[in-house]
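Geometric and topological summary
The lines below spell out each chain.
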Amino acid sequence: MNARLINWFKFSSPATFYPLAGKMVPIFTLLAVVLIGVGLYMSFFVAPTDYKQGEGYRIIFVHVPAAWMSMFIYLIMAFWAGLGLVFNTRLSGMMTRALAPTGAIFAFLALWTGAFWGKPMWGTWWVWDARLTSELILLFLYLGYLALQGSIDDTRRADRAGALLVLVGVVNIPIIYYSVQWWNTLHQGATISMDNGSKMGVTMLWTMLIMALGFWAYTIAVALARVRSIILEREADTTWVSELAEVRR
Amino acid sequence: MSVAEFFDMGGYALYVWGSFGVSALLMIIEPIMLRSHRRSVLQRISRIVRMKAEEKV
Amino acid sequence: MFSAFKTLVGRDLLLAMRRRSDLFTTLFFFVIVVSLFPLGIGPELNTLRLIAPGVFWVAALLASMLALERLFAIDYEDGALEQMLLAPQPLFILVLAKVTAHWLVTGLPLVLMAPLLGLQYDMATDALMAMVISLLLGTPALSLIGAIGAALTLGLRGGGVLVSLLVLPLYIPVLIFGSGAVEATASGLGGQGHLSMLGAILVLSLLFAPIASSAALRISAE
């Protein structure tokens, strides 16, 4: 038990993590390319046309995985943030920071594709639906984190302040989601419901899962690549960085 | 199914390609920007390292 | 512990009384935002009555956010905050005291002013009552949640704008239940459900926000 604990902390040192991340990036890039390639093939050629929504429903294969990832990434950020505040490891703050832009991109994509789905299905680009509204607030939370990180020059303070903000956000997300849902049911007349009417076929579910896995691999690859740049920037003065092959060149 | 039919998406072309296109665009731009950022960071650091090495000599 | 709380509240109130212009800025902002809406939307009383809850609550949100910047800033600049960090009393008690004083100075006048402004919107008496109660429950929660953002952005450039980015998403539940209470009362449905939710939010933020704020203060003042 004790040996394993030490082992984990060894990887939390930026100097050990940097080369490890470098080895993992190509693996996850390959995984992402393959999974997203298969997912795209399935979403256009294998998944059957929906009898109600025609071809337009194919947006679901990018919309739902993007929405899942945007929420999942925030949870992972909260995990790293908590770890960073408790154990005071430098790497945790860097991981939180490295995940945030990708999470914001997925939140934006979920909103964007949601709008492109809503227009043909419901006739408007935007509906104040509970899920859409919560996703918008999630995007705001990401942007707030990035703005806070960007305006603090001292990296230690930036990491810890950011971590606290992420944790406050993650506690608030259920409250926000619940209140938005309540607000929505109170205000929504007999207009539109989010239910698609059609039951999800097995092929559709698989396609969505494969796309989500592809996005997941993409997130890991991108976050690890970004954390490598962050490590280099922050550890620029150390000996191990100056001895790296890519620096000595 | 012909190619034109495929791209028409049963009349939903704008919506389907609008969402898939923008997603693809962002997911391609992000790695490219990361790569260029990494390159500039490496350049900056190796310049500093070289300057330090010259100072020692 | 309680005496420390009382002393700090008294001190902050005294300081606020010395610079009374600060006190009126927030209130005046609230009054002017609320009075601007009819000019933008039109004097139709039926419309105004409909939008009043939302307008009042959004104005209250903005006003309380505007006042946040000064919550810790003055103590941070003159070094009093460092003394508080070193004080033997637990920090969250001191934070709670500062937030209480801050609410008494910026939040309470706003609550008292609201019914007067409500008359401009031709609101019914029971809706006015619901508005006062909801503001009374909601604005302290706003101050408490906002204190976290104020502590995180302490001494940063562009702190005012940054605070709004951090804090406004967290204000959303208060906004929803606050304006919902007024709306429900105005339409005859009764706002008790909303008000009890607001009360729950207030209790939760009383419990957790001072702890988070004091952690943020320690991070910022390190």
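Scanning chain C for helices and strands turns up eight helices and zero strands. Traced from its N-terminal end to its C-terminal end, chain C shows the element sequence α-α-α-α-α-α-α-α. Rg of the C-alpha trace for chain C: 18 Å, near the compact-globule value of 17 Å for 222 residues, within the 12% margin. The dimensions of chain C, computed from C-alpha atoms along their principal axes, are 55 × 30 × 30 Å. The buried share among the 222 residues of chain C stands at 49%. Here the contacts in chain C between residues at least 6 apart in sequence split such that 79% fall between residues at least 24 apart.

Next up on the list: the overall build of chain B. When its secondary structure is counted, chain B shows two helices and zero strands. The C-alpha radius of gyration of chain B comes to 23 Å, more than 25% above the 10 Å expected for a compact globule of 57 residues. Projected onto its principal axes, the C-alpha coordinates of chain B cover approximately 70 × 20 × 10 Å. Buried residues in chain B amount to 18% of all 57 residues.

Bringing the nonpolar core into the picture now. Grouped together as the largest cluster of nonpolar side chains are 154 residues, with contacts concentrated most on A:Leu164 and C:Ala216. For this core, the element with the highest residue contribution is helix 7 (residues 202-234) of chain A, accounting for 17 residues. Those residues in contact with A:Leu164 that sit more than four places away from it in its chain are C:Leu152, C:Ala212, C:Ala215, C:Ala216 and C:Ile219.

Let us now look at unusual backbone geometry. Residues and elements named next belong to chain A. The backbone of Asn88 shows a phi angle near 60 degrees, a positive value even though the residue is not glycine. The topology assignment puts Asn88 in the loop between helix 3 (60-87) and helix 4 (90-122). Overall, the presence of 12 C-beta atoms within 10 Å leaves Asn88 in the exposed class.

With that settled, the discussion passes to the interface of chain B and chain A. Taken residue by residue, the interface counts 23 residues in chain B and 31 residues in chain A. Considered class by class, the residues forming the side of chain B that touches chain A number 15 nonpolar, six polar and two charged.

Moving on to the interface of chain C and chain A. Across the contact, 21 residues belong to chain C and 22 residues belong to chain A. Listed by contribution, the elements that provide at least two residues to the side of chain C that touches chain A are helix 6 (125-152), helix 7 (159-186) and helix 8 (192-221) of chain C. Broken down by element, the side of chain C that touches chain A gets its largest block of residues, 10 residues, from helix 7 of chain C.

Turning to helix 4 of chain A, a few remarks are in order. Residue and element names in this part refer to chain A. With 33 residues, helix 4 should cover 48 Å at 1.5 Å per step; its first-to-last C-alpha distance of 47 Å lies within 8% of that length. The axis of helix 4 is deflected most strongly, by about 30 degrees, at Ala100, and proline Pro101 appears within four residues downstream. Taken across its 33 residues, helix 4 has 25 buried, putting it largely inside the fold. Gly123 lies just past helix 4 and shows a positive phi near 90 degrees.

Among the two pairs of chains that make contact, the interface with the largest number of contacts is formed by chains A and B. If you take every C-alpha in chain B and every C-alpha in chain C, the smallest gap between them is 24 Å, and the two do not touch.

Residues and elements named next belong to chain A. Inspection of the secondary structure puts Arg97 in helix 4. According to the C-beta neighbour criterion, Arg97 is buried, with 24 such atoms within 10 Å. A C-alpha to C-alpha distance of 12 Å links Arg97 and Leu165, two positions 68 residues apart in sequence. If we skip the residues at most four places from it in the chain, Arg97 touches Gln149, Gly162 and Ile230.

This part is about the packing of helix 7 of chain C against helix 8 of chain C. Residue and element names in this part refer to chain C. At a minimum axis separation of 8 Å, helix 7 and helix 8 run at an interaxial angle of 155 degrees. As judged from the angle between their axes, helix 7 and helix 8 are roughly antiparallel. In the crossing of helix 7 with helix 8, the sense of the turn from one axis to the other is left-handed. Residue-level contacts link Pro173, Val174, Phe177, Gly178, Gly180, Ala181 and Ala184 of helix 7 to His194, Leu195, Met197, Leu198 and Ile201 of helix 8.

Glancing now at the confidence of the model for chain C. Residues and elements named next belong to chain C. Predicted confidence across chain C gives a mean pLDDT of 87, with 100% of residues reaching 70 or more. When the elements of chain C are averaged for pLDDT, helix 4 (residues 80-86) gives the smallest value, 82, and helix 6 the largest, 91. The complex model carries a pTM of 0.87, and its ipTM stands at 0.85.

Let us look at helix 3 of chain A. If you check helix 3 of chain A, its first and last C-alpha atoms are 40 Å apart, about what 28 residues at 1.5 Å a residue would give, namely 40 Å. One or two residues past the end of helix 3 of chain A sits A:Asn88, with phi positive at roughly 60 degrees.

Below, the discussion takes up the environment of A:Asp159. Its place among the elements puts A:Asp159 in helix 6 (residues 155-187). When neighbours within four sequence positions are excluded, A:Asp159 is seen to be in contact with A:Gly84 and A:Gly93.

As a further point, take the environment of C:Gly190. All names here are of chain C. Topologically, Gly190 is positioned in the loop between helix 7 and helix 8. In this structure Gly190 comes out as partly exposed when scored by C-beta crowding, with 13 C-beta atoms within 10 Å. Separated by 64 residues in the primary sequence, Gly190 and Asp126 place their C-alpha atoms 9.6 Å from one another. Other than its neighbours up to four places away in sequence, Gly190 contacts Ala184 and Thr185.

Scoring rules and cut-offs
- Residues numbered from 1 in each chain as written.
- Chains lettered and ligands numbered in written order.
- Predicted model: local features only at pLDDT ≥ 70, side-chain atom pairs only at ≥ 80, totals over all residues.
- Helix = DSSP H or I, 4+ residues; strand = E, 2+ residues; numbered from the N terminus.
- Rg over C-alpha atoms; globule rule 2.2 N^0.38 Å.
- Buried ≥ 20, exposed ≤ 12 C-beta atoms within 10 Å, placed from the backbone.
- Contact = placed C-beta atoms within 7 Å.
- Core = buried A, V, L, I, M, F, W, Y, C linked by C-beta atoms within 7 Å.
- Nonpolar A, V, L, I, M, F, W, Y, C, P; charged D, E, K, R; others polar.
- Expected span 1.5 Å × (residues − 1).
- Bend = angle between axes of the 7 residues up to and from the residue.
- Axes fitted to C-alpha atoms, helices over the stretch in contact; angles between N-to-C directions.
- Parallel < 35°, antiparallel > 145°, perpendicular 65-115°, else oblique.
- Left-handed = near helix turned anticlockwise from the far one by under 90°.
- pLDDT = per-residue confidence, 0-100.

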